[in-house]
Amino acid sequence: MSEYWCELVQTRTGIERDVVLVITDDRIESVTPDRPVPAGASVLPGLTVPGLANAHSHAFHRALRGRTQAGAGTFWTWRDQMYKAAGGLDPDTYLALARAVYAEMALAGITSVGEFHYLHHGPDGTPYDDPNAMGHALIEAARQAGIRMTLLDTCYLHGGLTADGYQPLSGVQRRFGDGTSDAWYERWTALRGDQTTRIGAAVHSVRAFAAKDDYTTWADRTRGVPVHVHLSEQPAENEACLAHHGTTPTGLLDAHGFWSPDATAVHATHLTDGDVDALARSGAGVCLCPTTERDLADGIGPSGELARAGVPLSLGSDSQAVIDLFEEARAVELDERLRTGRRGHFTSAALLAAATVGGHRALGWHDAGRIEAGGLADLTTVGLDSVRLAGTVPRLATEAAVFAATATDVTHVMVGGRTIVRDGVHQLVDAVPQALTTAVHDLFR
C-alpha cells in the first residue's frame, strides 16, 4: 500500500482539493479530499488526472516527423514517404524505435496506447519464423516503456480501391498482408495478452478489405474485443466506395454487421448524416486525431454532430506529427469553432474525458480512465507552475490544462501504481531524446 497527497484531482464530479489517494497493488483503494498531508505520503503538486489514453497510434510514423513537413503534397504523397519508412524495419529495429516512441508518450502523460499494427512480415511479404515477431516487438516495447498497450492487429488484404475494384498489394504493402482473412485469423489467434496488454483487432479500411473477404465472419470472430477501422479519412475513399459498392464506407460496414459497442471508427472525417446515425445506433465510437488530420489536410470531422448523436469520442496521435493529448483534446473544440463559427461545443471535462475514459473504453481498459476506488491506479500529474499555466485558479484547473498545457507540463506518471515518470524524467528508459535520435537515424541509414 502507498499513499499520495495530491494538490488537485479531477474526479468524475469535478475538481477536488488536498486529496489523499491510497493505492494497493495496481488499484486505487480510496480517494479522500480535504485532508492534510499524511506522514510519509508522496506529494504531487499540480493537477492530477486519470492517465491519458492514446487510442490510435502508428509507432513507426514517428520517424517521419519533420521529414514529411517539407514542401507541398496530399495524403497520398505523404503515404508514399510513409511506405519508404515501413520498408526499412525489422523486429529488432522496430523494438528500439517503438520503445523510444512509447517512452515519449509516457513523458506526455499517456498510460495506454492503441497500436494499429499492420507491419507484419518481412520486406517481400515472407513471414518471419515467428509470424507475430513484429507484434511481439511492439508488445515488448510498451512493456519496457512502462505503459499499457492494446495491440490492434490489422487485417490488410488489398492495395487499394478504385471505381474498377480492388487492387493487389504491391511494393512494401506486401509486408502488410496475410493473403486471406482466414490466414490473418490464424496468425491473430496466436497473440496473447497479459496484465498490461490487450489483444484487439482491426480492419485497415474498406480500401484494404473487400466484401468478398467476408466482413460478417471477421466481425463474428472478433466479437468481444476492441475492433478498429480507418473510416472516411479522405473523400477519395468515399468516392471509390460509392462507385464500387453503391454506399459509403460506414454503410458498407453497417450492412455487414461490423459496428458494435466494441468498434471504433478512426478519423470519420467525411461522414453523411446517415453515417452518423448508423454509428450512434450501433454504439460504436469514433477516435479523432486532429493533429494528424490537419497535418495531412484530411479536413475537419463532424465532432459536434457525433457528440450530439451520443457517439463516444476518443483521441489518438496517429502519425505522431506531435505526441500531445492536450493538443488533440483542445483541437476538437477549436476545430469545431473554425468549422461552425461558434464557441463552446465541448466542455473541458468532456474533452478530458475523450482523452481518458473515452480512450480507455475504445481500447478495452474499462477499469481505467477515472480516479475512483477500485479503478486502475493510472495517473498523470500536470504541473501548474510553468509559464503556460502559472496563475491558474484551482477551480478552473481543468480548463487551464486542456486549453493551455502541453506534454512538457507533465511531471508525474503512474501506471498500475508504478511510477513511470518522476519530475518529468522517465524512470525506465534512459535519455529518451537520444534513444529516439538513434532509432530514427538507424532506420534511414
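Residues numbered from 1 in each chain as written. Predicted model: local features only at pLDDT ≥ 70, side-chain atom pairs only at ≥ 80, totals over all residues. Heavy atoms only, no water.

## A word on the overall build of the chain
- The helix and strand tally for the chain stands at 15 helices and 18 strands.
- Against the globule reference of 22 Å for 445 residues, the chain gives a C-alpha radius of gyration of 21 Å, in line with a compact fold.
- For the chain, the spread of C-alpha atoms along the three principal axes comes to 70 × 50 × 45 Å.
- When each of the 445 residues of the chain is scored for burial, the buried share is 58%.
- Restricting the contact set of the chain to residue pairs at least 6 apart, pairs at least 24 apart contribute 74%.
- Separation of charge centres in the chain, based on 36 positive and 54 negative side chains, amounts to 2 Å. (Helix = DSSP H or I, 4+ residues; strand = E, 2+ residues; numbered from the N terminus. Rg over C-alpha atoms; globule rule 2.2 N^0.38 Å. Buried < 20%, exposed > 50% of the residue type's maximum accessible area, 1.4 Å probe, protein only. Contact = heavy atoms within 4.5 Å. Lys, Arg positive; Asp, Glu negative; His and termini not counted. Charge placed at Lys NZ, Arg CZ, Asp CG, Glu CD.)

## Points about helix H8 (residues 273-282)
- Listing the buried residues of H8 in full gives Asp275, Val276, Ala278, Leu279 and Ser282. With its buried residues spanning 160° around the axis, H8 presents them on a single face. Exposed residues on H8 whose side chains face more than 90 degrees from its buried face are Asp273 and Arg281.
- Where H8 is buried, its residues touch helix H7 (249-255), strand E12 (263-267), strand E13 (285-288) and helix H10 (303-308).
- Backbone geometry just after H8 places glycine 283 at a positive phi near 85°. (Arc of directions from axis to C-beta.)

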